[in-house]
Amino acid sequence: MKEGGLTGGRASASAKRVFIKTYGCQMNVYDSARMFEVLAPLGFLPVEKPDKADLDIFNTCHIREKADEKLFSELGTIRQSKMMNARRGGKMIIAVGGCMAQAEGAEILRRAPFVDLVFGPQNYHLLPELVAQVLRSRGDRVVATDFPAEPKFDHLPETSASQGVTAFLTVQEGCDKFCSFCVVPYTRGAEYSRPVAQVLAEAARAVCSGVREITLLGQNVNAYHGEGPDGRDWGLGDLVRRLAELRGLDRIRYTTSHPHDMDDGLITAHRDVPQLMPFVHLPVQSGATRILSAMNRPYTADAYRRIVDRLRSARSDLALSSDFIVGFPGESDEDFEATIDLVEEIGFAQAFSFKYSPRPGTPAASLCKQIPEYVKSDRLTVLQALLERQQRNFNNGCIGRTLPVLLEKPGRHDGQLVGRSPYLQSVHLVAAERRIGEVIPVQILAASANSLTGSLEESMAG
Ligand code: 5AD
Ligand code: SF4
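Predicted model, so just to flag it, every value in this text is computed and none were measured.

**Concerning the site of ligand 2**
Taken together, Cys 175, Lys 177, Phe 178, Cys 179, Phe 181, Cys 182, Val 184, Pro 185, His 258 and Arg 297 make up the full set of residues adjacent to ligand 2. Taken together, the residues that form the shell around ligand 2 break down as seven nonpolar, one polar and two charged.

**Considerations on the confidence of the model for the protein**
Summary statistics for the protein give a mean pLDDT of 93 and a share of 96% for residues scoring 70 or more. Confidence drops under pLDDT 50 across residues 1-5; counting only partners more than four residues distant or on other chains, this segment forms 17 contacts. Below pLDDT 50 for its whole length, residues 7-13 participates in 10 contacts with residues either more than four positions away or in separate chains.

**With respect to unusual backbone geometry**
In this structure, Thr 256 follows Thr 255 across a cis peptide bond, with omega equal to 5 degrees. Within the secondary structure, Thr 256 is located in the loop between β13 (251-255) and α8 (264-272). One non-glycine residue, Gln 285, lies in positive phi territory at about 75 degrees. Positionally, Gln 285 belongs in the loop between β14 (279-281) and α9 (289-294). Backbone geometry at Asn 296 places phi at a positive 65 degrees, although glycine is not the residue there.

**Quick word on the packing of aromatic side chains**
Within this structure, the stated rule accounts for seven aromatic pairs. For the ring pair Phe 328 and Tyr 356, a centre distance of 5.4 Å and an interplane angle of 70 degrees mean the geometry is edge-to-face. Linking Phe 328 in the loop between β15 (319-326) and α11 (333-346) with Tyr 356 in the loop between β16 (350-355) and α12 (373-396), this pair joins segments that are 28 residues apart in sequence. On the accessibility criterion, Tyr 356 (4% relative accessible area) is buried. Taken together, the ring pairs connect Phe 181, Phe 328 and Tyr 356 into an aromatic cluster. Positioned above the aromatic ring of Phe 72, the side-chain terminus of Arg 111 is 3.7 Å from the ring centre.

**Notes on the sheet that holds strand β7 (residues 166-170)**
Strand order in the open sheet formed by three strands is β7-β10-β13, with parallel pairing between adjacent strands. The two strands at the open ends of the sheet, each matched to only one other strand, are β7 and β13. Taking the axes of each pair of neighbouring strands and ignoring which way they run, one obtains an average angle of 25 degrees across the sheet. Those strands touched by helix α7 (residues 236-243) are β10 (213-217) and β13, and its axis lies near 160 degrees from that of β10.

**Things to note about the state of the cysteines**
The tally for this structure, following the rule as stated, stands at zero disulfides. Here Cys 99 stays unpaired: no disulfide links it, and the sulfur of Cys 61, its closest cysteine neighbor, is 6.6 Å away. The buried category is assigned to Cys 99, whose relative accessible area is 9%.

**Concerning the packing of helix α6 (residues 196-208) against α7**
At a minimum axis distance of 11 Å, the contact between α6 and α7 shows a crossing angle of 35 degrees. Considering the relative orientation of α6 and α7, their crossing is right-handed. When α6 is examined against α7, the residues Val 196, Val 199, Leu 200 and Ala 203 are found in contact with a partner set consisting of Leu 239, Arg 242 and Leu 243. Here the contact of α6 with α7 is composed, by residue class, of six nonpolar, no polar and one charged.

**Looking at a negative patch on the surface**
A surface patch of negative charge is lined by Glu 334, Glu 337, Asp 341 and Glu 344. Mapped onto the elements, Asp 341 comes out in helix α11. What makes Asp 341 partly exposed here is its relative accessible area of 39%.

**Here we look at the environment of Gln 416**
Its location among the elements puts Gln 416 in strand β18 (residues 416-420). Ignoring any residue separated from it by four or fewer positions in sequence, one finds Gln 416 in contact with Pro 410, Gly 411, His 428, Leu 429 and Val 430.

**Some remarks on the pattern of salt bridges**
This structure, assessed with the given rule, holds 32 salt bridges. Put simply, Glu 202 and Arg 34 hold a salt bridge, and the shortest N to O gap is 3.5 Å. A residue pair is termed long-range when its members are at least 10 positions apart, and Glu 202 in helix α6 and Arg 34 in helix α1 (residues 26-39) qualify at 168 residues. Connected through shared salt-bridge partners, Asp 31, Lys 152, Glu 173 and Arg 188 make up one network.

**Here's the deal with the site of ligand 1**
Every residue close to ligand 1 is listed here: Ile 63, Arg 64, Phe 181, Gln 285, Asp 323, Ile 325, Phe 354, Lys 355, Tyr 356, Ser 357 and Arg 359. In the environment of ligand 1, a nitrogen atom lies 2.8 Å from a nitrogen or oxygen atom belonging to the backbone of Ser 357. Protein coverage of the free-state accessible area of ligand 1, which is 400 Å², stands at 87%. Listed by contribution, the elements that provide at least two residues to the shell around ligand 1 are β15 and β16. When its residues are assigned to classes, the shell around ligand 1 shows five nonpolar, two polar and four charged.

What counts, and where the lines are drawn
Sequence order as written defines residue numbering, which begins from 1 separately in each chain. Whichever chain is written first becomes A and whichever ligand is written first becomes 1, with later ones labelled in order. Residue-level local features of this predicted model are given only where pLDDT is at least 70; pairs of side-chain atoms are given and counted only at 80 or more, and the full residue set underlies all totals for whole chains, interfaces and linings. Hydrogens are left out, water is left out, and the side-chain values use all remaining heavy atoms of the structure. The criterion for a residue being near a molecule or strand is simple. One of its heavy atoms has to lie within 4 Å of it. As a working rule, the residues Ala, Val, Leu, Ile, Met, Phe, Trp, Tyr, Cys and Pro are called nonpolar, Asp, Glu, Lys and Arg charged, and the rest polar, with Gly in that last group. As a per-residue measure, pLDDT tells how confident the predictor is, with possible values from 0 to 100. Residue contacts are defined here by distance: any two heavy atoms, one from each residue, within 4.5 Å place the two residues in contact. Runs of H or I in DSSP of at least four residues are treated as helices and runs of E of at least two as strands, each being numbered from the N terminus. Only Phe, Tyr and Trp rings are paired, with Trp represented by its six-membered ring, and only when their centres lie within 6.5 Å; those with planes under 30 degrees apart are stacked, over 60 edge-to-face, the remainder tilted. Under the scheme applied here, a residue whose accessible area is under 20% of the maximum for its type counts as buried, over 50% as exposed, and between as partly exposed, the area being computed with a 1.4 Å probe on protein chains only. For a ring to carry a charge above it, either NZ of a lysine or CZ of an arginine must fall within 6 Å of the ring centroid while also lying within 35 degrees of the normal to the ring plane. One requirement defines pairing of two strands: DSSP has to find at least two bridges between them. To get an axis, fit a line to the C-alpha atoms, keeping to the stretch in contact for a helix; angles then go from 0 to 180 degrees between the N-to-C directions. Whenever a pair of cysteine sulfur atoms sits within 2.5 Å, that pair is classed as a disulfide. Throughout, a crossing is termed right-handed when the near helix is turned clockwise from the far one, and left-handed when it is turned anticlockwise from it by less than a right angle. Each patch groups residues whose relative accessible area exceeds 30% and which form no salt bridge, using 9 Å between like charges and 5 Å between nonpolar side chains of Val, Leu, Ile, Met, Phe, Trp and Tyr. Areas reported as accessible are Shrake-Rupley estimates using a 1.4 Å probe. Residue values count occlusion only from the protein chains shown. Salt bridge, as applied in this entry: a Lys or Arg side-chain nitrogen positioned within 4 Å of an Asp or Glu carboxyl oxygen. The convention is simple: Lys and Arg are positive, Asp and Glu are negative, and His and the chain ends are not counted. A charged residue contributes its charge at one atom only: NZ of Lys, CZ of Arg, CG of Asp or CD of Glu. Any pair of N or O atoms that falls within 3.5 Å is considered a polar contact. Within protein, one atom must be able to donate a hydrogen and the other to accept it, and sequence-neighbouring residues count only if both atoms are side-chain atoms.

Laid out in C-alpha cells, this is it:
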C-alpha cells in the first residue's frame, strides 16, 4: 500500500479520510452530514483539511453566480494537492456534489478535468458505489446526475448520534413552484415530502442523543405533505404538533417557507405549540405585486401583509425574517420603492437581500429589461441599510427583557457560553459548561448588530 490512502480497485485497509466542503444553504449542511454517514461504513473518517484527505467532496450551491466562481477557485487549489499526492503514488479522489454538480456537471468536467466524480443532490446515497466506480475506472470520470425513481431517504443509513444540542432535519425536498429566477426546481427536482414516521424516527434519535432543538428543513418546507400514520397526508402544522409530543425536544423551527403555503394548520400551530419558536423566515422577494407576478410568485404584496397579520395574531411576539431580490428584470424605481414601503411597514428582525443574478436555463434570465449592475448595487445598498437598521432596532428592543435561551456551546472567552434566543439571535453569557443543552431565562443587558449579551437570572445561576 502506498502513501496516500486509496489505490486502484480496492479500498485501503487502513483508515481513509474524507473532507467535505459545504457551500450554500442549510439543506446542504444536512446533506453533507448524511454523506459522512454514508461513507463511514467504508472506513472513511472525516478530516478538516482537503489536502489531508483521500476523498475530497465539494457540496456545491448554484443559487447565484458568485457560488460558481468560488467553486472553481477552490478546485484550482485542490488540483495542486492531487498532483503532489499522485507523485507519491497515491490517488486522491475529487468529487463535486450538490446543486451546481446537478446543473453544470458537464461544464465542471470541462473546466476541471481532474475532477473524478460529479453527483447530484438526489444521488449521494450512492456514494459507496460511485467511489468504487472511480477506483475501478482508468481515468474515466463518473457522473451521477439522474433523478432516481426512489427517494434517497429510503436508502440512507440511520442518522448517527448528534454532536450538538441543535440539529437540522430535512423533511421536504425539491420544488414545484418554478419561480422564474430560481434554479432549485431544476437542481433538486420535484417536490417530495418524507413520510411522518421516518421524520419522527429521525427526530426521536436526535433527541435521544441530546438534541434539544430541531430545525425542519425544506426548499419549500411548508408545502410539506408527508404520508401520516393514518394514511392521509399531514401538513407541516400536523407534523409540528406531533413532534412537540417528543419529550426532551424543547424547540422546533422550520425553514424555508413560502407565503403561498402558509396555511391555517401551521398558523394555528404557532398559537398552540409553545415549542414552535416565534420566528419565521418567510421570503417575500419583492414588495411590488407586478414584480412578484413576473417572478411567478403566486401572491400579491397585500396578501403577504395579510399573512403576516394572521401570524402575528396567532402569536403576538412572532418575529419575521425574509429574502429580497433587487434588480429583477423590469424592476422600476416605483417597484423598488414598493419593496422599501413593505419593509418599513412590516419590520423585519433579520433578512437576506441579493442582487438579481441571471441563472442559465431559468425563464427570467432571458427576459429583456435586465437591470444594469450599478442600479442593482444602489438599490441593494438602500435596502440593506434599512434592513440593518431594523435588525439593530429589534436587537436593541430586547435589552431589559428576560428571554429563554438554549445554551448551545462554549463561547470565545473562558467561562462564556453562546446560546440562542427564541428569535434566533446569538446570546453570549457567563455560565457553566455543564449547562449546555438547558433552556434558561437570561436577562438581556446589551445588543449589537448581530448578537445579544445577557446574564443568568439570579435564581438560575450556578
Ligand atoms: N438571483 C438572486 N437571488 C436569488 N435567490 C434565488 N435565486 C436567485 C437569483 N437568481 C435568492 C432568493 C431565495 C434565496 C434562497 O436566494 O431570495 O429566497
Ligand atoms: Fe426557488 Fe423557493 Fe421559488 Fe422554489 S419557491 S422556485 S426554491 S425560490
